[in-house]
Amino acid sequence: MEKYCINGGKPLKGSVTISGAKNAVVAILPAVVLSEGKCRIENIPNIADVTTVLDILSSLGATIRRVNRNTVDIDPTTIYTHVVPHDLARHMRASYYFLGSLLGRFGKARVPMPGGCDFGVRPIDLHLKGFTALGAVNSPLENAMIGVEADRLVGNSIYLDTVSVGATVNIILAAVRARGVTIIENAAKEPHIVDLANFLNSMGADIRGAGTDVVKIHGVEHLDGTTYSIIPDQIEAGTYMAMAVATHGDILVKNVIPKHLESITSKLEEIGATIEEFDEAVRVSCPGPFKHCNIKTMPHPGFPTDMQPQAAVLLALAEGTSILTEGVWDNRFRYVDELRRMGAQVQVDGKVAVFQGVPHLTGAPVKAVDLRAGAAMVIAALAAEGYTEIEEIRHIERGYENIIEKLRGVGADIRRVRIPDSMLRQA
Ligand code: EPZ
């Protein structure tokens, strides 16, 4: 086990290059199952979640060749089973995308209940509602495995009661080779939904409207191989933008799609940042104090829930009172206790957190309770006076490629240190 050791209080300066989007790649790699040819996927972030999805593909029988650090060739024609093994799937949420893709390919799929970050209850009823509308039958949960099966998938209209990224992805995956037309209403509009649709269309699918709340899928008989490059990660970009602000630094965040960052940019500017937009980069600085600000997270194009903990660090340091409302998940404030250890003054009532800004945070031993909460701890540690140790960094490394190297590149004093076994035994 390892931890991050950070000496805070240094303004971060320089440039950082954003990697491929985690939440796009974890949908696109399972989608490869639907192809009848070889696929080359480029701009893949080298993160733990990608390793897990590639391991799942391998276990299904796909032939995988790493071309270089960020490019992978996958031959899905050798896949022979519709059953995803337990030990791999339980590490991440997106393993359930194999439900849609294996159902689309074999007419059946068995996938363990997925893992992932703990935000309270994370139901999958809308995924199953979508599969059922397409003609599939769900078998009762057996040995914590979800089973779906269909003689023939047939297109249908599906209205999502709640906007769900996962259900939108899974229904697209199941519908793309179904007979007839599927219409998803109240669909999620996140950039990774558009990226998945673009990927599938590059293989010969007929998906229209991705990025709006109505997605129309005309089923096709065949999907060919393709070469495709993953979009830049909106949330990784937002995280480095928040780091520039939190440390009163000046960072050029490169390889981004500025349009994807609009809701983040607008709130950071309200807090006091100066943001300059280029074609594929944004420059973020913040010389002055942070102004209080209210933020509510919402599905895209609203302020992303996956930036909520990172934004919280800025509100903890902003003058006056700020209100942060979580509009997507029931329980995404588990990290607040860790922020309090660093001196933040915050009260949580259900889905609302009220921050009374403090002039500075102070280094402390803390832990990453989940992926974005872990990113928030890194931001807090970089901004804080003194020394911070962050444990349980495996959560952070599920989603941030080369975070140590990228941060050192902009002047951060951060190290990854092994925790001796003797210390683990004491804990
Ligand atoms: C995706 O999770 C992301 N994960 C999450 O990012 C992100 O927080 C979330 O979308 C919202 O943007 C991936 O893309 C792998 P949802 P997902 O289905 O698909 C309710 C990160 O940090 N719901 O859009 O699981 C659900 O309870 C991760 O990178 C149902 O009620 O989220 C929630 O309130 C963490 N029934 C809301 O919808 C369902 O069947 C949105 O969830 C499904 C969801």
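A few points on the structure. (Residues numbered from 1 in each chain as written. Predicted model: local features only at pLDDT ≥ 70, side-chain atom pairs only at ≥ 80, totals over all residues. Heavy atoms only, no water.)

Attention now moves to the pairing of strand β7 (residues 137-142). Within β7, only zero of the six residues are buried, leaving the element largely exposed. Of the strand pairs in this sheet, β7 and strand β8 (residues 145-149) are connected by four bridges, and their pairing is antiparallel. By the bridge assignment for β8, Val 137 is matched with Glu 149. Between the end of β7 and the start of β8, which pair antiparallel, lie two residues, with Asn 143 showing a positive phi angle near 55°. (Buried < 20%, exposed > 50% of the residue type's maximum accessible area, 1.4 Å probe, protein only. Helix = DSSP H or I, 4+ residues; strand = E, 2+ residues; numbered from the N terminus. Pairing = 2+ DSSP bridges.)

With mixed pairing, the four strands of this open sheet are ordered in space as β9-β10-β12-β11. The sheet is open, and its two borders are formed by β9 (157-159) and β11 (206-208), each paired with just one other strand. For this sheet the average axis-to-axis angle between neighbouring strands, irrespective of direction, equals 15°. Summarising the sheet, β11 and strand β12 (residues 214-218) pair through three bridges and their orientation is antiparallel. Bridge pairing in β12 links Ile 207 to Ile 217. Running at roughly 175° to strand β10 (residues 181-185), helix α6 (residues 165-175) makes contact with β9, β10, β11 and β12 of the sheet. (Axes fitted to C-alpha atoms, helices over the stretch in contact; angles between N-to-C directions. Contact = heavy atoms within 4.5 Å.)

Two numbers describe how helix α10 (residues 308-317) lies on helix α12 (residues 371-383): the axes approach to 7 Å, and their chain directions differ by 35°. Judged by the twist between their axes, the crossing of α10 over α12 is right-handed. On α12, the residues touching Pro 309, Gln 310, Val 313 and Leu 317 of α10 are Arg 372, Ala 373, Ala 375, Ala 376, Ile 379, Ala 380 and Ala 383. Across the contact of α10 with α12, the residue classes tally to nine nonpolar, one polar and one charged. (Left-handed = near helix turned anticlockwise from the far one by under 90°. Nonpolar A, V, L, I, M, F, W, Y, C, P; charged D, E, K, R; others polar.)

Looking now at the environment of Val 410. Structurally, Val 410 is set in the loop between α14 (403-409) and β23 (413-418). Among the residues examined, Val 410 registers a relative accessible area of 1% and is labelled buried. Along the chain, Val 410 and Ala 244 lie 166 residues apart, while their C-alpha atoms are 9.4 Å from each other. Setting aside chain neighbours within four positions, we find Val 410 in contact with Pro 11, Leu 12, Lys 13, Gly 14, Ser 15, Val 16 and Ile 251.

Residue position: Glu 236 is located in helix α8 (residues 234-246). Apart from residues no more than four positions distant in its own chain, Glu 236 is found in contact with Ile 18, Ser 19, Tyr 400, Glu 401 and Lys 406.

Another point: the site of the ligand. The ligand sits among 24 residues. The nearest are Ser 164, Val 165, Asp 306, Val 328 and Arg 372. Within the side chain of Lys 22, a nitrogen or oxygen atom sits 3.1 Å from an oxygen atom of the ligand. At 2.6 Å, a side-chain N or O of Asp 306 approaches an oxygen atom of the ligand. Considering the ligand on its own, with 830 Å² of exposed area, one finds that the protein chains cover 90% of that surface. Elements represented by at least two residues in the shell around the ligand include exactly α1 (22-31), α5 (125-133), α6 and α12. Grouping the amino acids of the shell around the ligand by side-chain chemistry returns 12 nonpolar, six polar and six charged. (Near = heavy atom within 4 Å. Polar contact = N/O pair within 3.5 Å; in protein donor to acceptor, adjacent residues only side chain to side chain. Areas by Shrake-Rupley, 256 points an atom, 1.4 Å probe, with all protein chains shown as cover.)

By themselves, these are just geometric observations and shouldn't be taken as functional.
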